[in-house]
Amino acid sequence: MTFDPNTTESVAAGQPVARDGPNVQAFIARHRPSFVLAGVLVAQLLLLSLQITRNHDVRLIRVWAVDVVDPFQRSMHGLTDLSVGAWRTYRNLSHAQQENQQLRVQLASAESQILQFSEQAAESGRLRAVLDFKNQLPFQTVAAEVIASSPGENSNAVFIDKGVDAGLTSDLAVITPEGVVGKTIAVFPRSSQVLLLTDPSSGVGVMLEKTRVQGVLKGDSQNLCLIRYIMNEEPVTFGETVLTSGLDQIYPKGLRVGVVVQTSAGGIYKNVEVKPAVDLSRLETVLVVLKPNSTQQQASNGRP
Amino acid sequence: MPVTPEREVEAFRVHYATLAVSVLAALLLQTVLPVVIPVAGLMDFSLLVTVYFTLIRQNQIFGIALGSILGLLQDALSHGYLGMFGMAKAVVGYLAATAAMRFNFETLFARCVATASLVVIHDLCMTALQHVLLESPPPFVPLDRASSVLVNVALSLIFFPILDRFR
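Thresholds, definitions, all that
Residues numbered from 1 in each chain as written. Chains lettered and ligands numbered in written order. Predicted model: local features only at pLDDT ≥ 70, side-chain atom pairs only at ≥ 80, totals over all residues. Helix = DSSP H or I, 4+ residues; strand = E, 2+ residues; numbered from the N terminus. Buried ≥ 20, exposed ≤ 12 C-beta atoms within 10 Å, placed from the backbone. Contact = placed C-beta atoms within 7 Å. Core = buried A, V, L, I, M, F, W, Y, C linked by C-beta atoms within 7 Å. Nonpolar A, V, L, I, M, F, W, Y, C, P; charged D, E, K, R; others polar. Pairing = 2+ DSSP bridges. Axes fitted to C-alpha atoms, helices over the stretch in contact; angles between N-to-C directions. Expected span 1.5 Å × (residues − 1). Parallel < 35°, antiparallel > 145°, perpendicular 65-115°, else oblique. Left-handed = near helix turned anticlockwise from the far one by under 90°. pLDDT = per-residue confidence, 0-100.

1. Concerning the overall build of chain A
Then comes step 1: Scanning chain A from N- to C-terminus turns up four helices and 16 strands.
Then comes step 2: Counting across all 304 residues of chain A, residues that qualify as buried make up 23%.
Then comes step 3: If you take every contact in chain A between residues at least 6 apart in sequence, the share linking residues at least 24 apart comes to 52%.

2. What about the overall build of chain B?
Then comes step 1: Regarding its fold elements, chain B presents six helices and zero strands.
Then comes step 2: For chain B, the N- to C-terminal ordering of α and β elements is α-α-α-α-α-α.
Then comes step 3: For chain B, the residues scored as buried account for 37% of the 167 residues in total.
Then comes step 4: In chain B, once contacts between residues fewer than 6 apart in sequence are set aside, the share between residues at least 24 apart is 66%.

3. Structural notes on the nonpolar core
Then comes step 1: Judged by nonpolar contacts, the single largest core of 42 residues is most densely connected at A:I175, A:V180, A:V181, A:V257 and A:V288.
Then comes step 2: If we ignore the near neighbours within four places in the chain, the residues touching A:V181 are A:V174, A:I175, A:T176, A:V194, A:L196, A:L197, A:V278, A:L280, A:L283 and A:V286.
Then comes step 3: Within the second largest apolar cluster, 40 residues are counted, among which are B:L66, B:F85, B:V91 and B:A100.

4. Some words on the interface of chain B and chain A
Then comes step 1: Chain B puts 17 residues into the contact, and the matching count from chain A is 14 residues.
Then comes step 2: Elements represented by at least two residues in the side of chain B that touches chain A include exactly α3 (60-77) and α4 (84-100) of chain B.
Then comes step 3: Top contributing element to the side of chain B that touches chain A by residue count: α4(B), with five residues.
Then comes step 4: Of the residues assigned to the side of chain B that touches chain A, the class counts are 12 nonpolar, four polar and one charged.

5. Here's the deal with the environment of B:Y81
Then comes step 1: Locating B:Y81 in the fold gives a position in the loop between α3 and α4.
Then comes step 2: The spatial distance from the C-alpha of B:Y81 to the C-alpha of B:L134 is 10.0 Å, given a sequence separation of 53 residues.
Then comes step 3: Apart from the residues lying within four places of it in its own chain, the contact partners of B:Y81 are A:L48, A:Q51, A:I52 and B:D75.

6. Describing the sheet that holds strand β6 (residues 157-160) of chain A
Residue and element names in this part refer to chain A.
Then comes step 1: Ordered in space as β5-β6-β9-β8-β7-β16, the six strands form a closed barrel in which the pairing is antiparallel. Sheet twist, expressed as the mean angle between neighbouring strand axes with direction ignored, is 45°.
Then comes step 2: Two strands pair when backbone bridges link them, and strand β8 (residues 179-187) and strand β9 (residues 192-196) are joined in this way by five bridges, in the antiparallel orientation. Following the sheet pairing, G182 is matched in β9 by L196.

7. Focus: helix α2 (residues 32-51) of chain A
Then comes step 1: With 20 residues, α2(A) ought to run about 28 Å at 1.5 Å a step, and its terminal C-alpha atoms sit 29 Å apart, in line with that.
Then comes step 2: Buried within α2(A) are the following residues: A:L37, A:V40, A:Q44, A:L48 and A:S49.
Then comes step 3: Residues of α2(A) that are buried make contact with β4 (58-59) and α3 (60-136) of chain A together with α3, α4 and α5 (108-133) of chain B.

8. Some remarks on the packing of helix α1 (residues 16-36) of chain B against helix α2 (residues 45-57) of chain B
All names here are of chain B.
Then comes step 1: Look at α1 against α2: their axes get within 8 Å of each other, and the N-to-C directions meet at 155°. Here α1 is positioned roughly antiparallel relative to α2, judged by the angle of their axes. In this structure, α1 uses L19, S22, V23, A26, L27, L29 and Q30 to contact α2, whose residues at the interface are F45, S46, V49 and F53.
Then comes step 2: Among the residues forming the contact of α1 with α2, the class breakdown is eight nonpolar, three polar and no charged.

9. Remarks on the packing of α5(B) against helix α6 (residues 142-164) of chain B
Each packed pair of helices is defined by two parameters, the angle between the axes and the distance between the axes.
Residues and elements named next belong to chain B.
Then comes step 1: Orientation of α5 relative to α6, taken along the N-to-C sense of each, is 140°, at an axis distance of 9 Å. In terms of their interaxial angle, α5 and α6 are classed as oblique. In this structure, α5 meets α6 at a crossing whose hand is right-handed. Counting all contacts with α5, which are made through R111, C112, T115, A116, V119, V120 and D123, the residues of α6 involved are R145, S148, V149, N152, V153, S156, L157 and F160.

10. A look at the environment of A:M231
Residue and element names in this part refer to chain A.
Then comes step 1: Following the sequence through the fold, M231 ends up in the loop between β12 (225-228) and β13 (241-244).
Then comes step 2: Using a count of 13 C-beta atoms within 10 Å as the deciding quantity, one classes M231 as partly exposed.
Then comes step 3: The sequence separation of M231 and G267 amounts to 36 residues, and the corresponding C-alpha distance is 9.3 Å.
Then comes step 4: Setting aside residues up to four positions removed in sequence, M231 forms contacts with Y269 and K270.

11. Here's the deal with the sheet that holds β12(A)
Then comes step 1: Around the barrel, which closes on itself, the six strands sit in the order β10-β11-β12-β15-β14-β13 (chain A) with antiparallel pairing between neighbours. Taken pair by pair, the neighbouring strands of this sheet meet at an average axis angle of 45°, ignoring direction.

12. Here's the deal with the pairing of strand β15 (residues 271-276) of chain A
All names here are of chain A.
Then comes step 1: Here β15 shows one buried face, formed by V272, V274 and P276, and one open face, formed by N271, E273 and K275.
Then comes step 2: Bridge count for β12 against β15 is three bridges, and the pairing is antiparallel. The residue bridging C225 from the neighbouring strand is V274, located in β15.
Then comes step 3: Examined bridge by bridge, strand β14 (residues 256-264) and β15 share six bridges and lie antiparallel to one another.

13. What to know about the pairing of β6(A)
Residue and element names in this part refer to chain A.
Then comes step 1: Here β6 shows a buried face lined by V158 and I160 and an unburied face lined by A157 and F159.
Then comes step 2: As defined by bridge partners, strand β5 (residues 141-149) adjoins β6 across three bridges and the pair is classed as antiparallel. Counterpart to A148 in the pairing with β6 is F159.
Then comes step 3: Summarising the sheet, β6 and β9 pair through four bridges and their orientation is antiparallel. Each residue of the ladder has a partner; that of I160, found in β9, is S192.

14. Topic: the confidence of the model for chain B
Residues and elements named next belong to chain B.
Then comes step 1: The predicted model of chain B averages 86 in pLDDT, with 93% of residues at 70 or higher.
Then comes step 2: Looking across chain B, the model is least confident in α1, with a mean pLDDT of 86, and most confident in α4, with 94.
Then comes step 3: Below a pLDDT of 50 lies the segment residues 1-7, which in the model reaches two contacts outside its immediate sequence neighbourhood of four places, other chains included.
Then comes step 4: Under the prediction, the complex receives an ipTM of 0.79, its pTM being 0.48.

This is how it looks when you write it as structure tokens:
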């Protein structure tokens, strides 16, 4: 053995000094007394734990063992609960999503039904109004539904679902409880074409309600009507009601046509603009006024 | 480069018979004397034997073993739990040997200081163990602990020179 002045350890001759990293065995050998002390203390501590009791004769070693394992048990339990909870939450969310979709479908169906019922109720109300109006009229009428409108911007005509089979002919007045709509211009076996009074080619014999001034109502391409042949001297007031005069042998007398919205003096005749009483853009159910010979033809066909 | 000489430490060997007799005598004195002399309850002969033989042997493992054995024997003869004195005296034996490896305890003063310190450490270990492990630890009375230190230091002054004749 030689003594190396640069180290505090004795080094065997020819044996290299180990300088690579900590050696566990050398560490234990250097601190053997400390490890022995620790071992002795632990052994006697275990011996004590087997003797000493706590908490109603529970041995201390059991208490320590439970204290050591308890945190891990709680952690595992917590982890398990978390996992189970997460899975249950996911499953509940999945069920909730399915249920949500089903409820959405049901809601859409219910809303559709509600809308349908509302429409039916509204239609029922309209039809009742038409029926009541029809019963009040002193002439025969046929109720019809507007099924289509004529194509084209300047064409103010609609189709109704009654035709020859219902006893209709051309030049029959078409009205609603609000007022005059127009007249039939073409009749087909099961439908008819109705010319609206706002069409420039239509003409209705009218008179003012108060002054009883008569004129001819012609359609305007801008959904208004003009009364022709009223002299400038004739009094016409704004908001005055315009009625049918009955002189055209088509429209019965006294039917509401519209109201005066503008009046101005012209060359000889006044320029009187009339807004129709009926909203011609929202026609649904109309009444066709039958002429007496039409009534007879309808009776022979066996239709009401 | 000159070599710094390490401090020469004298370690003594003791006959095992001397050790065994000392251990037995300590246990007997500790169990018999308190019946006759009440103040003998403060005397810890086992501790003194542990301290003495560890100081002269200067071996930590020896100190741990001697302290554990004496402590366990003391526990066995008392009504307490096995291991209380064993642990405290094992610590005392380790510390005594560690100190003896670095300092010279051949003088009277050094031995008194060592004995006093180790008695205090022993009492602190016992108090700590009792408070940690027992549900109802005995009260800590500083006056009793101080008296114990003084009594055991006085005993060491008597018994250590006697034991020196046998090393």
